[in-house]
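# Geometric and topological summary
Here are the chains, one letter per residue:
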There are 2 protein chains.
Amino acid sequence: MQNSLRQFKAGIFRALAHPSRIAIIELLRDEGEIPVSKLYARLELEQANASQHLAVLRSKHLVIARRSGNQVLYSLRDRILGTVLDLMREYFHAHLEESLSLLEDLRTDVPKKRKTP
Amino acid sequence: MQNSLRQFKAGIFRALAHPSRIAIIELLRDEGEIPVSKLYARLELEQANASQHLAVLRSKHLVIARRSGNQVLYSLRDRILGTVLDLMREYFHAHLEESLSLLEDLRTDVPKKRKTP
DNA sequence: TTGTTATATTCGAATATTCGCATATTGTTG
DNA sequence: CAACAATATGCGAATATTCGAATATAACAA
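Quick look at the structure, then. (Residues numbered from 1 in each chain as written. Chains lettered and ligands numbered in written order. Predicted model: local features only at pLDDT ≥ 70, side-chain atom pairs only at ≥ 80, totals over all residues. Heavy atoms only, no water.)

### Describing the nonpolar core
Under the convention used in this document: The criterion is simple. A nonpolar core is a set of buried Ala, Val, Leu, Ile, Met, Phe, Trp, Tyr and Cys residues joined through side-chain atoms within 4.5 Å. Working definition: with a 1.4 Å probe on protein chains only, accessible area under 20% of the residue-type maximum means buried, over 50% means exposed, and in between means partly exposed. Residue contacts are defined here by distance: any two heavy atoms, one from each residue, within 4.5 Å place the two residues in contact.
One finds A:Phe13, A:Leu39, B:Phe13 and B:Leu39 to be the most contacted residues of the largest nonpolar core, which totals 67 residues. Leaving out residues up to four positions away in the same chain, A:Phe13 has contacts with B:Phe13, B:Leu16, B:Ala17, B:Ile22, B:Val84, B:Leu85 and B:Met88.

Set out below in structure tokens:
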């Protein structure tokens, strides 16, 4: 009872527990409804990979997919998700210093931009 | 940059992405600071298991551990986490119907209570 | 029909989580 | 000190996630 409710919540958090999926949510929050093609172009994801992540989000009903002719348009299911991410940002700022040290730990990958080596 | 920030957020969501850890957070939110012994008694978790989950929460700085003599007292690091969980409840209610169908899907385990079949 | 574009799904390997069990650590009491 | 209580950690097996590669499906155009 109480228990499966927690499982429900955990499932949603799990769906949010990936950088690419967070990027997707943030993009949808900022841009509204967009086609998959634009989505994976913007986020520099492989098409298949983006589709897999979208499937995860769909399975938790976090996003809505709508077919429009050739393409599929995605949008956020509920503003609450945007709010949650805003809270995360707030949290991030509140604990900026140690957040930075956490980021330090993460700074093993993510070179991403490199100015002509 | 933007990317490792998302990784940071994802890490926090991942820490929340387990029913037992959600239960821990909710318990700390409701009870304030409590010793581990009380925590795993209340949640009916194995001692080692509870400790492992607490380690996950600690690693993301979501909880604070304070030693007091023999025992270790845990508390929530930031009210924001409670707020996030409240939002989740709000979300749950907003989409109650389909949430219920999601719960149906989960109802593979969690028999828990059964009225003599 | 055939071809083309857009998106989804399947598969398998690499990696990560989760749990119970055993053991280690820390503090207290006698 | 030894014995005990409270908590943490290490290990290994079971399970779950993640990714790229290949393939499937859907809508449309010629």
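From this point on, the discussion continues.
### With respect to the protein's contact with DNA strand C
Worth spelling out the cut-off: Nearness here has a simple test: a residue counts as near a molecule or strand if at least one of its heavy atoms is within 4 Å of that partner. Any pair of nitrogen or oxygen atoms within 3.5 Å is treated as a polar contact; in protein, a donor-acceptor pairing is required on top of that, and neighbouring residues in sequence qualify only through side-chain atoms on both sides. Each helix is a run of DSSP H or I of at least 4 residues and each strand a run of E of at least 2, with the numbering of both proceeding from the N terminus. Each residue receives one of three labels: charged for Asp, Glu, Lys and Arg, nonpolar for Ala, Val, Leu, Ile, Met, Phe, Trp, Tyr, Cys and Pro, and polar for the others, Gly being one of them.
Lining the immediate environment of DNA strand C, one finds 24 residues, of which A:Ser37, A:Gln47, A:Tyr74, B:Gln52 and B:His53 sit closest. Sugar plus phosphate: this is where 64% of the atoms of DNA strand C within 4 Å of the protein reside. Residue B:Arg21 places a side-chain N or O atom 3.2 Å away from a phosphate oxygen belonging to DNA strand C. Between DNA strand C and B:Gln52 there is a distance of 2.8 Å, counted from a base oxygen to a side-chain nitrogen or oxygen. For the surface near DNA strand C, the secondary-structure elements that each account for two or more residues are α3 (36-43), α4 (47-59) and β3 (71-76) of chain A together with α4 (47-59) of chain B. Per-element tally for the surface near DNA strand C: the top contributor is α4(A), with 5 residues. For the surface near DNA strand C, the class distribution of residues is 6 nonpolar, 12 polar and 6 charged.

### Considering the protein's contact with DNA strand D
Lining the immediate surroundings of DNA strand D are 24 residues, of which A:Gln52, A:His53, B:Ser37, B:Gln47 and B:Tyr74 lie closest. Measuring from a phosphate oxygen of DNA strand D, one finds a side-chain N or O atom of B:Tyr74 at 2.6 Å. Elements with a minimum of two residues in the surface near DNA strand D: α4 of chain A together with α3 (36-43), α4 and β3 (71-76) of chain B. For the surface near DNA strand D, the element with the most residues is α4(B), which contributes 5 residues. Grouping the amino acids of the surface near DNA strand D by side-chain chemistry returns 6 nonpolar, 12 polar and 6 charged.

### Side note on the environment of B:Ala55
Residues and elements named next belong to chain B. Summarising the element assignment, Ala-55 is placed in helix α4. With relative accessibility at 32%, the residue Ala-55 sits in the partly exposed group. Residues Ala-55 and Ala-15 lie 40 residues apart in sequence; the distance between their C-alpha atoms is 9.9 Å.

### Some details on the sheet that holds β3(A)
Pairing between the strands of a sheet comes from backbone hydrogen bonds, and it takes one of two forms, parallel or antiparallel. All names here are of chain A. Selection criterion: At least two DSSP bridges between two strands are required for those strands to pair. Here, axes are lines fitted to C-alpha atoms. For helices the fit covers the stretch in contact, and angles between N-to-C directions go from 0 to 180 degrees.
Spatially, the 3 strands line up as an open sheet ordered β1-β3-β2, and their pairing is antiparallel. Pairing within the sheet leaves two strands with one partner each, and these edge strands are β1 (34-35) and β2 (63-68). As paired elements, β2 and β3 share 6 bridges and run antiparallel to each other. Opposite Arg-66, over in β3, you have Leu-73 as the bridge partner. Sheet strands touched by helix α2 (residues 19-31): β1, β2 and β3. Its angle to β3, the strand with the most contacts, is close to 90°.

### A few points about the pairing of β3(A)
Examined bridge by bridge, β1(A) and β3(A) share 2 bridges and lie antiparallel to one another. Its bridge partner lying in β3(A), A:Ile34 is registered against A:Tyr74.

### Section: the side chain of B:Arg21
With respect to the secondary-structure elements, B:Arg21 resides in helix α2 (residues 19-31). Those residues in contact with B:Arg21 that lie beyond four places of it in its chain are B:Arg14, B:Ala15, B:His53, B:Val56 and B:Leu57.

### Some thoughts on the interface of chain B and chain A
To be explicit about the condition: Summed over both partners, the accessible area lost on bringing two parts together, with a 1.4 Å probe, is the buried area. What makes a salt bridge here is a side-chain nitrogen of Lys or Arg within 4 Å of a carboxyl oxygen of Asp or Glu, nothing more.
The interface of chain B with chain A comprises 43 residues on the first partner and 44 residues on the second. Contact between chain B and chain A buries roughly 4700 Å² in total, counting both sides, with carbon and sulfur atoms accounting for 72%. Ranking the residues of chain B by area buried against chain A places B:Phe8, B:Phe13 and B:Tyr91 at the top, with a combined share of 16%. Remark: the boundary between chain B and chain A carries 4 salt bridges. Between B:Glu26 and A:Arg6 there is a salt bridge, with the nearest N and O atoms lying 3.4 Å from each other.

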